[in-house]
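Observations on chain architecture
What follows is the residue order along each chain.
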Amino acid sequence: MSDSGGEWQVNQILYADDTALIADEECKLQRLVSEFGRVCERRKLSVNVAKSKVMRVTRNENAGDIEITLNGIRMEEVDSFRYLGVDIDRDGGMKSEMKHRVTEGEKVSGVLKKMWKGGGMSRDAKRSMYEGIVVPTLLYGSEVWVASAENRRRMGVKEKKCIRTMCGVSIRDRIRNEEVRRRCGSELSIGERMDRNVLRWYGHVERMEEERMVKRVYKSKVEGSRGRPKLRWMDGVKAAVERRGANIEYARMCVQDRERWRREVHSKHMWAA
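Residues numbered from 1 in each chain as written. Predicted model: local features only at pLDDT ≥ 70, side-chain atom pairs only at ≥ 80, totals over all residues. Heavy atoms only, no water.

1. Some remarks on the overall build of the chain
- In terms of regular secondary structure, the chain is built from 10 helices and 10 strands.
- Counting only C-alpha atoms and orienting by the principal axes, one finds that the chain spans roughly 60 × 45 × 40 Å.
- In the chain, which comprises 273 residues, the share counted as buried stands at 36%.
- A separation threshold of at least 6 residues defines the contact pool for the chain, and within that pool the share at least 24 residues apart is 56%.
- For the chain, the accessible area works out to roughly 17100 Å², and carbon and sulfur atoms hold 50% of it.
- For the chain, the centre of its 58 positive side-chain charges and the centre of its 43 negative side-chain charges are spaced 6 Å apart. (Helix = DSSP H or I, 4+ residues; strand = E, 2+ residues; numbered from the N terminus. Buried < 20%, exposed > 50% of the residue type's maximum accessible area, 1.4 Å probe, protein only. Contact = heavy atoms within 4.5 Å. Areas by Shrake-Rupley, 256 points an atom, 1.4 Å probe, with all protein chains shown as cover. Lys, Arg positive; Asp, Glu negative; His and termini not counted. Charge placed at Lys NZ, Arg CZ, Asp CG, Glu CD.)

In structure tokens, the structure reads:
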């Protein structure tokens, strides 16, 4: 990557006892892994090789396998890896993560559905359970999602199933989704919640100190050929702003005012375009 300070690299990401090592060549990654193993050994720490994975980030489906060893044991190569609860695909897409989120949402809503259909529970209680359990499960990590139209549609389908179950309404009743949402008291669609989360994180990143790594990565340019452009996180930010009737230039202008930006994020329409 490169920024105003010149070229720089991110070779490792650390969080508690979770570590991700990053390199642009197989030989470099092997050196990083070997050194990591030696450091852990000196400090009397053991690395579970069976739980450690290696993944080649590429959109070339015909790319060959890579062989990385730790303590003489070859690490398993995967096409998708879960780091801090989020699935990362080898092609940089969100397919596995979105599928995982929908599956987790189906699990928790399936358990709640039995209570919702049992009777004796008020609609307010059902909505509180939906807001406090189902929504956070569906939208975990959505601040950094790059969600395509298809991914947003899938999330919307899951949301509609939940709110119809809460209200005791089926598709055969031919009641519009807007009316079902009104009856449930759930004013925000799942798509609007996704936009809010993305814009909230955008505000945090824009206001960060310049020397923080997240800010440097955000402002840096990744070197190399991208091939056919895929959606980037900033594309999602721009789309969320545009859905509110504004543009990214306006967002950059008002994001430094924390209170003003908070009002913008929680409104359905921004004040100016």
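The rest of the description comes next.
2. Here we look at the nonpolar core
- Ranked by size, the top nonpolar core spans 40 residues in total, and within it Y130, M155, L199, Y202, V237, V241 and W261 carry the most contacts.
- Elements with a minimum of two residues in this core: helix 2 (95-117), helix 3 (123-138), helix 4 (149-167), helix 5 (177-184), helix 6 (190-207), helix 8 (233-242), helix 9 (248-254) and helix 10 (258-265).
- In this structure V237 touches V198, L199, Y202 and I248, once residues within four positions along its chain are discounted.
- In terms of nonpolar packing, the next biggest core, distinct from the first, is built from 8 residues, V33, V49, V54 and I68 among them. (Core = buried A, V, L, I, M, F, W, Y, C linked by side-chain atoms within 4.5 Å.)

3. Some details on the state of the cysteines
- Applying the stated criterion across every chain yields a total of 1 disulfide.
- Across the disulfide from C167 sits C184; the S-S distance is 2.3 Å. In this pair, C167 is assigned in helix 4 and C184 in helix 5, connecting sequence segments 17 residues apart.
- Left unpaired, C162 is separated from the closest cysteine sulfur, that of C184, by 10 Å.
- The exposure class of C162 is buried, given its relative accessible area of 2%. (Disulfide = S-S within 2.5 Å.)

4. A few points about the environment of S148
- Mapped onto the elements of the fold, S148 is located in the loop between helix 3 and helix 4.
- The class for S148 is partly exposed, based on a relative accessible area of 23%.

5. A word on the pairing of strand 3 (residues 12-15)
- As judged from the 4 bridges shared by strand 3 and strand 4 (residues 18-21), these two strands associate in the antiparallel manner. Residue pairing for strand 4: Y15 is matched across the bridge by D18.
- Between strand 3 and strand 4, which follow one another and run antiparallel, lie 2 residues, and A16 among them has a positive phi close to 55°. (Pairing = 2+ DSSP bridges.)

6. With respect to the packing of helix 3 against helix 4
- Interaxial distance between helix 3 and helix 4 falls to 10 Å at its minimum, and their mutual angle equals 160°. Classified by the interaxial angle, the pair formed by helix 3 and helix 4 is roughly antiparallel. Judged by the twist between their axes, the crossing of helix 3 over helix 4 is right-handed. In this structure, helix 3 uses R123, K126, R127, Y130, V134 and L138 to contact helix 4, whose residues at the interface are M155, K158, E159, C162, I163, M166 and C167.
- A breakdown of the residues in the contact of helix 3 with helix 4 according to their chemical character gives 8 nonpolar, no polar and 5 charged. (Axes fitted to C-alpha atoms, helices over the stretch in contact; angles between N-to-C directions. Parallel < 35°, antiparallel > 145°, perpendicular 65-115°, else oblique. Left-handed = near helix turned anticlockwise from the far one by under 90°. Nonpolar A, V, L, I, M, F, W, Y, C, P; charged D, E, K, R; others polar.)

7. Describing the confidence of the model for the chain
- Across the chain, the average pLDDT comes to 87, with 95% of residues at or above 70.
- Mean pLDDT in the chain bottoms out at strand 1 (residues 2-3), which sits at 68, and peaks at helix 6, which reaches 94. (pLDDT = per-residue confidence, 0-100.)

8. Structural notes on the pattern of salt bridges
- Scanning the entire structure with this criterion turns up 20 salt bridges.
- Here E76 ties to K53 by a salt bridge, and the two come within 2.6 Å at their closest N and O atoms. Placement of E76 in strand 8 (residues 76-77) and of K53 in strand 5 (residues 53-54) is noted, with a sequence separation of 23 residues between them.
- The partly exposed category is assigned to K53, whose relative accessible area is 28%.
- Of the charged contacts in the structure, one is a salt bridge between K215 and E210, with a shortest N-O distance of 3.2 Å.
- A single salt-bridge network, built from bridges that share partners, covers R152, D195 and R243. (Salt bridge = Lys/Arg side-chain N within 4 Å of Asp/Glu carboxyl O.)

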